[in-house]
Structures are given as C-alpha cells and as structure tokens.
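Read off the chains here:
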Amino acid sequence: MSSVLESQLEERLAAEASDRRLAFLQAVHALDIDLADQLKDLSPDEWADYSALSVWPQLQPHIKQLQQVDAALCQQQLGLYGLCSDCEVELSREQLYQDPCRQRCSQCHSKHLNSQQGSWKL
C-alpha cells in the first residue's frame, strides 16, 4: 500500500476506534454510572476484558466491537493491518474503508460465518 493510502486508512481506523469506544462508554453509562467511571481509570484496550461487564448481557455487541477494533489496532502495530487474518491476502481499500476493523477477506469471512453457525453458545 502507498504511504498516502496507509495514512488515510490509519486515520479511518483511529476514528472508528474513537467512535466505538465512545458508543461503548455511553452504553455502559446508561446502565451503571459507577461502572462507567471505573472504566475511565483503565486503558481503552482493557475495557473488553473487564470482568464487571459480564453481568450486562446487553453490552455484548459493544464488547464484540471493542474486540474487533482492538484486534485491528494490534494488527496495525505489528505491520499486518490490511491483511486477512486467516490467509494473509491483502484486503482491498474499499473493504477497509467500509469496515476499518475488517479481519478477513470475503472468502475467509464466509468460511468463518459458516463455521460459527453450527457452534453452540451458552
């Protein structure tokens, strides 16, 4: 990827991370103000693993989004951002602009979804 394109995607990922983290804090604040205050004392990359959140099942979609953004930021730090996490093919610019936290190419994404459909969740 060109350096200009990389810079644009980095900005897009940073904006997405900020948006998702803000939405998460707002959702937590709406449920438990004290818990939201506790989260402010932690680094944002620790939020998804904070054990006190487990009592709020309605936060699970937000937690999943935090995990996705944390994974994308980690890939960025490792120099692997924009590569499929399964087959390592380069994701298209359009795919990353549409979802800056995208982890898989279309083929691997389909395989992943198919494998998840048969799994049990408790």
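What you see is a predicted model, and the numbers here were worked out from it, not measured in a lab.

Novice: Provide a residue-level description of the overall build of the protein, including the pertinent values.
Specialist: A tally of regular secondary structure across the protein gives 5 helices and 0 strands. The order of helices and strands in the protein, counted from the N terminus, is α-α-α-α-α. Burial analysis of the protein (122 residues in total) assigns 30% to the buried set. Pairs at least 24 apart in sequence give 51% of the contacts found in the protein among residues at least 6 apart. With the model as given, the accessible surface of the protein reaches about 7900 Å², and the carbon-plus-sulfur share is 51%. Each charge class in the protein can be summarised by its mean position, and for the 10 positive and 18 negative side chains these summaries are 9 Å apart.

Novice: Outline the pattern of salt bridges, listing residues and values.
Specialist: Should the charged atoms of two oppositely charged side chains come close, the side chains can pair. Enumeration according to the criterion identifies 5 salt bridges in this entry. A salt bridge links R20 to E16; the shortest N-O distance between them is 2.8 Å. Pair noted here: R20 and E16 are both in helix 1 (residues 3-31), with a separation of 4 residues, about one helical turn. Residue class for E16 comes out buried when judged on its relative accessible area of 16%. Where salt bridges share partners, they join R12, E16, R20 and D99 into one cluster.

Novice: Can you tell me about the side chain of Q95, naming the residues and giving the values?
Specialist: Locating Q95 in the fold gives a position in helix 4 (residues 93-98). The buried category is assigned to Q95, whose relative accessible area is 17%. Those residues within four positions of Q95 in sequence are excluded, and the remaining contacts are R102 and S106.

Novice: Describe the layout of surface pockets, naming the residues involved and giving the relevant values.
Specialist: Summary: where empty space remains is shown by rolling a probe the size of a single water molecule over the atoms. Empty space within the largest pocket amounts to approximately 460 Å³. Around the largest pocket, the lining comprises 13 residues; the ones closest to its centre are K64, Q68, R104, H109 and H112. Taken together, the residues that form the lining of the largest pocket break down as 2 nonpolar, 6 polar and 5 charged.

Procedures and definitions
Residues numbered from 1 in each chain as written. Predicted model: local features only at pLDDT ≥ 70, side-chain atom pairs only at ≥ 80, totals over all residues. Heavy atoms only, no water. Helix = DSSP H or I, 4+ residues; strand = E, 2+ residues; numbered from the N terminus. Buried < 20%, exposed > 50% of the residue type's maximum accessible area, 1.4 Å probe, protein only. Contact = heavy atoms within 4.5 Å. Areas by Shrake-Rupley, 256 points an atom, 1.4 Å probe, with all protein chains shown as cover. Lys, Arg positive; Asp, Glu negative; His and termini not counted. Charge placed at Lys NZ, Arg CZ, Asp CG, Glu CD. Salt bridge = Lys/Arg side-chain N within 4 Å of Asp/Glu carboxyl O. 1 Å grid on protein atoms, 1.4 Å probe; cavity = no way out; pocket = protein on both sides within 12 Å on 5 of 7 lines; lining within 4 Å. Points joined across faces, edges and corners; volume = space filled by probe spheres on them. Nonpolar A, V, L, I, M, F, W, Y, C, P; charged D, E, K, R; others polar.

Read these as layout, nothing more, since geometry by itself doesn't imply function.
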